Amino acid sequence: MATTGIRAIEGTRDYFGNDGNRFDKIETFAADLFSRYGYARIRTPVFERSELFARSIGAATDIVEKEMYTFTPGSDTITLRPENTAGVVRAYLQHSMEKQGGLTKLWYAGPMFRRERPQKGRQRQFHQIGIEAIGSSDPLLDAEVVSVGMRFYEFVGIGNVGLRLNSIGCQKPECRPLFRQLLRDAIRPNLDKYCKTCQNRFERNVLRIIDCKNPECQKLSATLPKSYDSLCPECADHFERTKEGVSALGGEYTIDHTLVRGLDYYTKTVFEYTHDALGAQNAIGGGGRYDGLVEELGGKPTPAIGFALGIERMLIAMEAVGACACGYPLQVYGVSLGDSARRAMAGLIARLREAGISADMDYEGRSMKSQMRAANRREAMCCLILGENELAEGKISVKDMLDDGGQEVVDIFDCLDAVRKILPRI
Ligand code: AMP
């Protein structure tokens, strides 16, 4: 098929080999770790009504303005999800999950779509795993959520993940709206010196000026007011308690006032995980509290918090530190020659698989020698070797491939026991 010349679309990619193995492990680890914290898996559709994203992420954000894949097949306008929080909250409301009472904890994994300029660590179809805890405003929950992410990175073998923390306050007039006003007042005298993007953001999304990566803008912004200095008493208290909680759970963080996150729905706590292996796109995951989103989407006022971790950037970091590259090594390889021996081997291999052992055999009619080579290439721990003569005598050779081990001839009915004697040593 390679001759057709059809290639994957720019900004999308295939996952196999080491990355495929790591991808699998990330999802397995997520299921394991998140369930220990009480999160249940949710799967939502990859496309939703476009309105859901405009209302939640915010109409004046990069994602909604420029990056969404939106289609109008018939009368609906639908969008491939650029993130999963909006979909999870939509599902929470649609299925009245609040009626179960208390806190609802959900986790997800899956592809997201944003029409960004592809580069290292930035794709158009990328993958995230994330958690959402809906129904509590307790700062200790903020601390727990932040620490789940840190634990997850340790789990997948990338330590040295940095944690940046900030609070961007709430929608009360004396909190974020007032801070926005302070910012505009401070920026206005120099507005013409800022880059075009910042100038465009001045009225519509002034917070994003603080996190502009342009060095000239950063110089101009160095003396701007800081969000955590302008919080209302409730948000200030929440931020203090969150920091105390993160420290109590053993997390080290830096406070970063330039961290505002791009999306409208965030309130109070925002955080980002960083890793040095990533270069310019050093954010490996991030999240925050979104106390207004459930209400914005038609529910009762319900505080909530979550994060999303990017799988592609995790893969880059895992590659850099050599974490979890190995796949699932084959336990047994069946080497056989002659029609009846091959048929008997197929039966034995099937029995091993039923017994929970990973096993495979030659399906290309190769010589004994090249079957042994295949077993080595597949890093099989043990080989079964069966020729027509052995079969006639009801015998089979079991070769220990670990540590260049020996080979013994056993009764064909005892071969499972002989294999098991070899395997537990790993
Ligand atoms: P965000 O909520 O936009 O900060 O996304 C959370 C995480 O998802 C980021 O820290 C990245 O690891 C990952 N991510 C976001 N956009 C992309 C993209 N276009 N390509 C790859 N990963 C992405």
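Residues numbered from 1 in each chain as written. Predicted model: local features only at pLDDT ≥ 70, side-chain atom pairs only at ≥ 80, totals over all residues. Heavy atoms only, no water.

## A short note on the overall build of the protein
Cut-off, in case you're wondering: For helices the rule is a DSSP run of H or I covering at least 4 residues; for strands it is a run of E covering at least 2, with both sets numbered from the N terminus onward. With the radius of gyration taken over C-alpha atoms, the globule rule is written as 2.2 Å times the number of residues to the power 0.38. Each residue is assigned to one of three classes by its accessible area relative to the maximum for its type, calculated with a 1.4 Å probe on protein chains only: buried under 20%, partly exposed between the two thresholds, exposed over 50%.
A count of helical and extended segments in the protein gives 16 helices and 16 strands. Taking 426 residues into account, the globule formula puts the C-alpha radius of gyration at 22 Å, and the protein, at 28 Å, lies well above it. Across its three principal axes, the protein shows a C-alpha extent of roughly 95 × 50 × 45 Å. Out of the 426 residues in the protein, the part that is buried amounts to 51%.

## Description of the site of the ligand
How we decide: One heavy atom within 4 Å of a molecule or strand makes the whole residue count as near it. Pairing of N or O atoms within 3.5 Å defines a polar contact, subject to two protein rules: one partner must be a possible hydrogen donor and the other a possible acceptor, and residues neighboring in sequence count only if both atoms are side-chain atoms. For accessible areas, the Shrake-Rupley method is used with a probe of radius 1.4 Å. Any residue's cover is judged against the shown protein chains and nothing else. Polar here means any residue outside two lists: the nonpolar Ala, Val, Leu, Ile, Met, Phe, Trp, Tyr, Cys and Pro, and the charged Asp, Glu, Lys and Arg; Gly therefore counts as polar.
Within the structure, the ligand sits among 14 residues, and Arg114, Glu116, Gln123, Arg261 and Ile284 are positioned closest to it. Between an oxygen atom of the ligand and a side-chain N or O atom of Arg114, the distance comes to 2.8 Å. Contact distances for the ligand include 3.5 Å between an oxygen atom and a backbone N or O atom of Gly310. Notes on the ligand: free accessible area 480 Å², of which the protein chains cover 91%. In terms of residue count, strand β10 (residues 283-289) provides more of the shell around the ligand than any other element does, three residues in total. Residues that form the shell around the ligand fall into these classes: four nonpolar, five polar and five charged.

## Some points on the sheet that holds strand β13 (residues 359-361)
What counts, and what does not: At least two bridges found by DSSP between two strands is the condition for calling them paired. For helices, the fitted line uses only the C-alpha atoms of the stretch in contact; every axis is such a line through C-alpha atoms, and the angle between N-to-C directions lies from 0 to 180 degrees.
The strand order β13-β12-β14-β15-β16 describes an open sheet built from five strands, whose pairing is mixed. Each end of this open sheet is capped by a strand with a single partner; those strands are β13 and β16 (407-411). Going across the sheet, the axis of each strand differs from the next one's by a mean of 25°, ignoring polarity. Inspection of the sheet shows strand β15 (residues 395-400) paired to β16 by five bridges, in the antiparallel sense.

## Some points on the layout of surface pockets
The condition that has to hold: Think of a 1 Å grid over just the protein atoms. A cavity is a set of points where a 1.4 Å probe fits yet cannot get out, a pocket is an open set with protein on both sides within 12 Å along at least five of seven lines, and lining residues have an atom within 4 Å of a point. Grid points are joined across faces, edges and corners, and a volume is the space filled by probe spheres set on the points.
Roughly 270 Å³ of volume is contained in the second largest pocket. If you go around the second largest pocket, you meet 15 residues; those closest to its centre are Gln171, Thr267, Asp291, Gly292 and Leu293. When residues of the lining of the second largest pocket are traced back to their parent elements, those giving at least two are α2 (50-57), β9 (267-274) and α11 (293-296). For the lining of the second largest pocket, the residue count by class is three nonpolar, five polar and seven charged.

## Here's the deal with the state of the cysteines
The following threshold applies: Counting rule for disulfides: a pair of cysteine sulfur atoms within 2.5 Å.
Tallying each qualifying case throughout the model produces zero disulfides. Cysteine Cys170 is unpaired, with the sulfur of Cys235 as its nearest cysteine sulfur at 3.6 Å. Cys170 sits in the buried class, given a relative accessible area of 10%. Between Cys212, a cysteine without a disulfide, and Cys198, which holds the nearest cysteine sulfur, the sulfur-to-sulfur distance is 3.6 Å.

## Here we look at the packing of α2 against helix α4 (residues 85-94)
Formally: Put simply, angles under 35 degrees are roughly parallel, angles over 145 are roughly antiparallel, angles from 65 to 115 are roughly perpendicular, and the rest are oblique. Note on contacts: a residue pair is in contact if any heavy atoms of the two residues lie within 4.5 Å.
Following both chains from N to C, one finds α2 and α4 inclined at 105°, their axes separated by 10 Å at the closest point. It follows from the interaxial angle that α2 and α4 lie roughly perpendicular. On α4, the residues touching Leu52, Phe53 and Ser56 of α2 are Ala86, Gly87 and Arg90. Partitioned by chemical class, the residues of the contact of α2 with α4 number three nonpolar, two polar and one charged.

## A look at the environment of Arg342
You can see Arg342 is positioned in helix α13 (residues 339-354). Taking relative accessible area as the criterion, Arg342 reaches 26% and is therefore assigned partly exposed. When neighbours within four sequence positions are excluded, Arg342 is seen to be in contact with Ser336, Leu337, Met361, Asp362, Tyr363, Glu364 and Gly365.

## Quick word on empty space enclosed by the protein
In total, this model carries one cavity of 30 Å³ or more according to the counting rule given. Estimated volume of the largest cavity: approximately 30 Å³. Every residue lining the largest cavity is listed: Leu348, Arg351, Leu352, Cys415 and Leu416. Contributions of two or more residues to the lining of the largest cavity are made by α13 and α16 (415-422). Looking at the lining of the largest cavity element by element, the count peaks at three residues for α13.

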